[in-house]
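Working through the structure, step by step
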Amino acid sequence: MALVKLQLPPGMLQTGTIYQAQGRWYNGNLIRWQMDGQVWAVQPVGGWVARLSATITGKCRAVHQWVDNDTVRWMALGTHSKLYVCTPSDTTAYDITPSGFTAGDADAAAAGGYGSGDYGEGTYGTPRLDVAAVQPASMWTLDNFGEVLVGCMAEDSNVYSWDPNSGTNTLAAAVTNAPTGTAIVVTEERFLFVLGAGGDNRKVQWCDQEALTTWTPSSTNQAGDQTLVTPGRLMCGRRIRGGTLLFTDQDVHLATYLGQPFIYSFQRVGDNCGIISRGAAMSVDSRCFWMGANRFWMFDGVTRPMMCDVADGVFGDLNETQRSKVTAYHDPQFGEIRWFYPSSASTENDRSVVYNYLGDFWFVDEDFARTAAFQRGIFTDPVMVDSSGQVWDHETGASYSSMTPTLRSGPYELGEGDRILRARRLISDEITAGEWRVTFYARDWPNDSETTHGPYTLDNPTSVRFAARQARMEIELITPSQTARWGIPRVDVLEGGKRL
């Protein structure tokens, strides 16, 4: 008899086969890891409650929050067809969609066909997807220029502003003298950058410093423009400490303020690292993280690829046609960057992948669907929006819309898998007895059929009886609670002989 600790490191592994994930967590939903003292503990994510009493119209793909000069907190929500604002006390959002606004596309449209791609690729008779020719789903880029909301959507191309002092009955309006564009970003030096300015996908144009309506350069102002040397098209920009990162679908550039006479310098800081969508980058102080077409990247003074333990699970199950819907979200409380993305079985965001930069590990949520999100700070709780247009407060309570926080491991085995593991009892490790239940899946060979044992409602200890060369574990939270934790359980096993 021996007690075997089922102690797994934080994060998941989805690279290669499930057998290669032995001794690791493999997949799950609505679970995270938090550092308790010197130990990473498994816990459920916080639940969610509806923020607004009515849904908003259109597919929301951008959320922005800011505080005006009277300390009123605001949130803007951009859908493919509308622009809304509200305050924390509002139960409905106010429609400030500009007059004459051209609605965009709720979904991306494929433009692949016969004759694209290399001869011999793919299956005969199946049109190939030309990703570069896909008409993307529409996504606002939103920011604030002081207390004024600014935004742009590529399909409409106008740059709009909305002053909270004008009241919620006033619609957003085109910025006077501003060029058309595909995206915007406000720099730390208080310049508004318009990307894809004037219909040129490589051009960046900016207004005079702190002068939103002055766009014509002269010797008495700092307005200007720059056409980047890039094979790609500008997608979005993000502020970081010391500069502004500008992303194309092929590379990334750093804009650094110089002052007169050149105003800004532009330096390519990464090749072949283009961003997958306009919403797929998130800056954290001097660093920025983004999702590319086939891997994740970060900039911390140097652009570098990120080693991702769940890359196979994410990029191997990504709906390439709808990848323009990918959106990033930062949770500073837990040190997490989360990307919502559409799986191959869905046309809408239905999964998410998370990087914990405090512990340098990755995990996935296999059924956590949101189209846009914004971190806590301005509003008390993180705000997220689903595909129906419902706006939610997150990380509050323990209601999960009928879903169950679940975590599954890769296989355990004794030695090299040449001995039989005969399990008798499970000694659980949880804060409150009975919060979790456990199921074991046993088999002799990696591709053998599994035998299910459980689920077991936990006691102290819990009787479990099965025998196999390898077994994996599934835990489920059956008593929703934000204080629930899963620690280091142990299994009482007998070592059997070799089974041929």
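Up top you'll find the structure we're talking about.
All values reported here derive from a predicted model rather than from experimental measurement.

**Thoughts on the overall build of the protein chain**
For the protein chain, the count of helices and strands is one helix and 40 strands. The C-alpha atoms of the protein chain give 25 Å as radius of gyration, which agrees with the globular expectation for 500 residues (23 Å, within 12%). When the backbone C-alpha atoms are referred to their principal axes, the protein chain occupies close to 85 × 60 × 40 Å. Within the protein chain, contacts between residues separated by at least 24 positions form 58% of all contacts whose residues are at least 6 apart in sequence. Summing over all exposed atoms, the protein chain offers an accessible surface of approximately 20600 Å²; the carbon and sulfur share of this is 46%. Looking at charge distribution, the protein chain has the averaged site of its 41 positive side-chain charges lying 6 Å from that of its 56 negative ones.

**Let's talk about the side chain of Thr-182**
The residue Thr-182 is located in the loop between β13 (173-174) and β14 (183-186) in this model. The exposure class of Thr-182 is buried, given its relative accessible area of 12%. The residues touching Thr-182, leaving out its near neighbours within four places in the chain, are Cys-152, Met-153, Ala-154, Leu-195, Gly-196, Asn-201, Leu-234 and Arg-278.

**Some remarks on the packing of aromatic side chains**
Under the defined criterion, the tally for this structure stands at 31 aromatic pairs. When the centroid spacing of 6.3 Å and the interplanar angle of 50 degrees are considered together, the rings of Trp-140 and Tyr-160 count as tilted. Pair noted here: Trp-140 is in strand β10 (residues 140-145) and Tyr-160 is in strand β12 (residues 159-162), with a separation of 20 residues, a long-range link. There is no split in this pair, since Trp-140 and Tyr-160 are both buried. On the numbers, 6.4 Å between centres and 35 degrees between planes, the contact of Phe-193 with Phe-266 is tilted. Of this pair, Phe-193 sits in strand β15 (residues 192-195) while Phe-266 sits in strand β21 (residues 263-271); the two residues are 73 residues apart in sequence, bridging distant segments of the chain. Overall, Phe-193 belongs to the buried group, its relative accessible area being 0%. Here a set of aromatic residues connected by ring pairs shows up, and it is made of Phe-289, Phe-296, Phe-315, Trp-339, Tyr-355, Tyr-357 and Trp-362. The ring of Phe-334 has Arg-32 sitting right over it, with the charged end atom 3.7 Å from the ring centre. Its end group placed over the ring of Tyr-441, Arg-472 keeps NZ or CZ at 4.6 Å from the ring centre.

**Notes on the nonpolar core**
The nonpolar side chains of a soluble globular protein tend to be buried with one another. Of all hydrophobic cores here, the largest spans 72 residues; its most connected members are Trp-25, Trp-290, Met-291, Phe-296, Trp-339 and Phe-440. Counting residues in hydrophobic clusters, the runner-up holds 15 residues, among them Trp-74, Leu-142, Leu-149 and Met-153.

**Remarks on the pattern of salt bridges**
According to the stated counting rule, one finds 26 salt bridges in the structure shown. In this structure, Arg-437 engages Glu-476 in a salt bridge whose closest nitrogen and oxygen atoms are separated by 3.0 Å. Here Glu-476 lies in strand β39 (residues 470-477) and Arg-437 lies in strand β36 (residues 436-443), a separation of 39 residues in the sequence. Glu-476 gets classed as buried once you look at its relative accessible area, which sits at 13%. Through salt bridges with shared partners, a single network forms among Arg-32, Asp-331, Glu-336 and Glu-395.

**Here we look at the sheet that holds strand β8 (residues 83-86)**
What the four strands build is an open sheet, ordered β6-β7-β8-β9; its pairing is antiparallel. Of all strands in the sheet, those bounded by a partner on one side alone are β6 (60-67) and β9 (94-95). When β6 meets strand β7 (residues 73-79), the two strands line up antiparallel, connected through seven bridges. When the sheet's bridge partners are listed, Gln-65 is paired in β7 with Met-75.

**Structural notes on the environment of His-80**
Secondary-structure assignment places His-80 in the loop between β7 and β8. The exposure class assigned to His-80 is buried, which follows from its relative accessible area of 15%. Once the C-alpha coordinates of His-80 and Ala-468 are considered, the two residues, 388 residues apart in sequence, prove to be 53 Å apart. Apart from the residues within four sequence positions on either side, His-80 is in contact with Gly-58, Lys-59, Phe-101, Ala-103, Gly-104, Asp-105, Ala-106, Ser-138 and Met-153.

**Describing the sheet that holds β15**
Strands sit in the order β14-β15-β16-β17 across an open sheet of four strands; the sheet is antiparallel. Of all the strands in the sheet, just β14 and β17 (224-227) have a single pairing partner and so form its edges. If you compare each strand with its neighbour and ignore which way they point, the axes differ by 20 degrees on average. Where strand β16 (residues 203-206) lies against β17, four bridges are found, and the strand directions are antiparallel. Residue pairing in the sheet places Gln-205 in a bridge with Asp-225 of β17.

Reading the values: the criteria
- Residues numbered from 1 in each chain as written.
- Predicted model: local features only at pLDDT ≥ 70, side-chain atom pairs only at ≥ 80, totals over all residues.
- Heavy atoms only, no water.
- Helix = DSSP H or I, 4+ residues; strand = E, 2+ residues; numbered from the N terminus.
- Rg over C-alpha atoms; globule rule 2.2 N^0.38 Å.
- Contact = heavy atoms within 4.5 Å.
- Areas by Shrake-Rupley, 256 points an atom, 1.4 Å probe, with all protein chains shown as cover.
- Lys, Arg positive; Asp, Glu negative; His and termini not counted.
- Charge placed at Lys NZ, Arg CZ, Asp CG, Glu CD.
- Buried < 20%, exposed > 50% of the residue type's maximum accessible area, 1.4 Å probe, protein only.
- Phe/Tyr/Trp six-rings, centres within 6.5 Å; stacked < 30°, edge-to-face > 60°.
- Lys NZ or Arg CZ within 6 Å of the ring centre and 35° of its normal.
- Core = buried A, V, L, I, M, F, W, Y, C linked by side-chain atoms within 4.5 Å.
- Salt bridge = Lys/Arg side-chain N within 4 Å of Asp/Glu carboxyl O.
- Pairing = 2+ DSSP bridges.
- Axes fitted to C-alpha atoms, helices over the stretch in contact; angles between N-to-C directions.

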